[in-house]
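# Geometric and topological summary
Each chain, written out:
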Amino acid sequence: MAGVCDRAPDFLSPSGNQVLGPALGSVASLNCTAWVVSGPHCPLPSVQWLKDGLPLNNGSHYDLHEASWVKANLSEVLVSSVLGINLTSAEDYGAFTCSVQNISSFSFTLWRAGPVSHLAAVLASLLVLLVLLLAALFYVKCRLNVLLWYQDTYGEVEVNDGKLYDAYVSYSDSPEDRKFVNFILKPQLERRRGYKLFLDDRDLLPRAEPSADLLVNLSRCRRLIVVLSDAFLGRAWCSHSFREGLCRLLELTRRPIFITFEGQRREPAHPALHLLRQHRHLVTLLRWKPGSVVRRTPSSDFWKELQLALPRKVQYRAMEGDPQTRLQDDKDPMLVVRGRLPEGGTLDPELDPDPEGDLGVRRPVFGKPSAPPCASGVSLGEGRGSEVDVSDLGSRNYSARTDFYCLVSKDDM
């Protein structure tokens, strides 16, 4: 029977040597449970705890709970011992061994865990914060440039829409407004940006109702720019029926642009300005700082925001003319002819966008004239070619012409 009693216990807990790192000031519970062989000739099972190889004394830092259960056939006994350790100092840490009948044992090694290092988390947080700050700075500094690039690259091209002008500019006839429109706004948009403006200093909405001229002119323009100065706000419809007038403008044009002047009004804000701020999602509201022409460079935010509100400008070759206007108000075939025309030849119909001509009658352009042309100062001899060199007319650039013309003689007049 001695051989049976010497059989090693079957440990349920722990399943092997364990290493634990409880924090200082906590309580560690070590559970040692095993099945031990039982019999009439076997000694009673016992559990012994060791610390660093020495028997554990019954100090105030330890709390020991033991229990045992006998199997129904009395062949085995389940022995359980739970050791509670109150970790109050560094001396309470060490290697604790659970030994059953001095036959088999498992160890629990307790080591003192150092303070939790938050360095990695702090560095990651700082990195994320830095990225967010850089993104915010980039958004503030380069937002308009990115939007302009996107508009110039992927924006909608408004061509062949029957419009002759890019913007209708409405302003009052005061000297300050005329100076702003003619010496600041118009040169910047037409000369530097290439837009085509229609200027009008008449009342935009007399009696808050659109006039026939306004309807016609707005239908020829892609955008509406209103110079909302003090003189403009002094008009009757701005003071009494601006809400109704704004509704009319929103029906007539696409997202009107209002230019206000900072620091002009010293009295409380005009009701029209308050209404425009409430409807920023329907209009474009820009602010100009008077007296700061030097600082309002072409690259300033004011001009960038204004350009974003205006149609996208298409880059075109000078020989072909402006594609946004050449098919609407320019019917002269010479403006769109590409290349040189051979002598004595006629205009290729494929190169002529308007084969009927300006007058609705198809006539040869560079061939032999049906009747001798008359021009002051020019005489054509009998049977002789024209003394005027027309061989390079096909390659000349007429894209800058904005009105029609014809050559007449004194007799025609």
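First, a word on what this report is: a plain description of the structure on this page.

## Regarding the packing of aromatic side chains
- If you walk through the whole model with that rule in mind, you get 12 aromatic pairs.
- Relative to Phe261, the ring of Phe180 lies with its centre 5.1 Å away and its plane at 75°, an arrangement referred to as edge-to-face. Residue Phe180 is found in helix α3 (residues 175-192), and its partner Phe261 is found in strand β13 (residues 257-261); the two are separated by 81 residues along the sequence. Residues Phe180 and Phe261 agree in their burial class; the two are buried.
- An aromatic cluster is present here, built from Phe180, Phe261, Trp288, Phe302 and Trp303 joined pairwise through their rings.
- For Lys71, the ring lying beneath its charged end belongs to Trp35, and the centroid distance is 5.4 Å.
- Geometry around Tyr165 places Lys196 over its ring, the cationic atom sitting 5.5 Å from the centre.

## Remarks on the packing of helix α7 (residues 242-252) against helix α8 (residues 271-278)
- Interaxial distance between α7 and α8 falls to 10 Å at its minimum, and their mutual angle equals 45°. Between α7 and α8, the crossing angle belongs to the class labelled oblique. Our pair here, α7 against α8, has a crossing hand that is right-handed. On α8, the residues that touch Phe242, Arg243 and Leu246 of α7 are Ala272, Leu275 and Leu276.
- Across the contact of α7 with α8, the residue classes tally to five nonpolar, no polar and one charged.

## Thoughts on the nonpolar core
- Counting 26 residues, the largest nonpolar core has Tyr168, Leu204, Leu228, Trp237, Phe242, Phe258 and Leu276 as the members making the most contacts within it.
- Where this core is concerned, the elements lending two or more residues are β10 (165-170), α4 (212-219), β12 (221-228), α5 (230-233), α6 (236-240), α7 and α8.
- One finds Tyr171, Leu197, Val227 and Ile259 within the second-largest nonpolar core, a separate group that totals 22 residues.

## Observations concerning unusual backbone geometry
- Each neighbour pair has its own omega, and for Ser13 with Pro14 the value is 0°, a cis peptide bond.
- For Pro14, the position within the fold is in the loop between β1 (10-13) and β2 (18-20).
- The backbone phi angle of Asp52 is positive, close to 55°, even though this residue is not glycine.
- Looking at the secondary structure, you find Asp52 in the loop between β4 (47-51) and β5 (54-55).
- Positive phi values are uncommon outside glycine, yet Arg255 reaches one of about 45°.
- Locating Arg255 in the fold gives a position in the loop between α7 and β13.

## Quick notes on the sheet that holds β10
- Read across the open sheet, the five strands follow the order β11-β10-β12-β13-β14; overall the sheet is parallel. In this open sheet, the two strands that pair with only one neighbour each are β11 (197-200) and β14 (284-288). Pairs of neighbouring strands in the sheet enclose a mean axial angle of 20°, with direction left out of account.
- Bridge analysis of β12 against β13 gives four bridges, and the strand direction is parallel. Counted as the bridge partner of Val226 is Phe258 from β13.
- Packed onto the sheet, α4 meets β10, β11 and β12 and runs at close to 120° relative to β12.
- Together, β12, β13 and β14 form the strand contacts of helix α9 (residues 301-309), whose direction differs from that of β14 by roughly 155°.

## Quick notes on the pattern of salt bridges
- Enumeration over the complete set of coordinates arrives at 11 salt bridges.
- The residue Arg254 makes a salt bridge to Glu158 at a minimum N-O spacing of 3.3 Å. Pair noted here: Arg254 is in the loop between α7 and β13 and Glu158 is in the loop between α2 (119-154) and β10, with a separation of 96 residues, a long-range link.
- On the basis of relative accessible area, Glu158 is assigned to the buried category, the value being 11%.
- Ionic pairing is found between Lys313 and Asp166, a salt bridge with its closest N-O pair at 3.4 Å. Residue Lys313 is located in the segment after α9, and its partner Asp166 is located in strand β10; the two are separated by 147 residues in the primary sequence. The pair Lys313 / Asp166 is uniform in exposure class, with both members buried.

Calculation criteria
- Residues numbered from 1 in each chain as written.
- Predicted model: local features only at pLDDT ≥ 70, side-chain atom pairs only at ≥ 80, totals over all residues.
- Heavy atoms only, no water.
- Phe/Tyr/Trp six-rings, centres within 6.5 Å; stacked < 30°, edge-to-face > 60°.
- Helix = DSSP H or I, 4+ residues; strand = E, 2+ residues; numbered from the N terminus.
- Buried < 20%, exposed > 50% of the residue type's maximum accessible area, 1.4 Å probe, protein only.
- Lys NZ or Arg CZ within 6 Å of the ring centre and 35° of its normal.
- Axes fitted to C-alpha atoms, helices over the stretch in contact; angles between N-to-C directions.
- Parallel < 35°, antiparallel > 145°, perpendicular 65-115°, else oblique.
- Left-handed = near helix turned anticlockwise from the far one by under 90°.
- Contact = heavy atoms within 4.5 Å.
- Nonpolar A, V, L, I, M, F, W, Y, C, P; charged D, E, K, R; others polar.
- Core = buried A, V, L, I, M, F, W, Y, C linked by side-chain atoms within 4.5 Å.
- Pairing = 2+ DSSP bridges.
- Salt bridge = Lys/Arg side-chain N within 4 Å of Asp/Glu carboxyl O.

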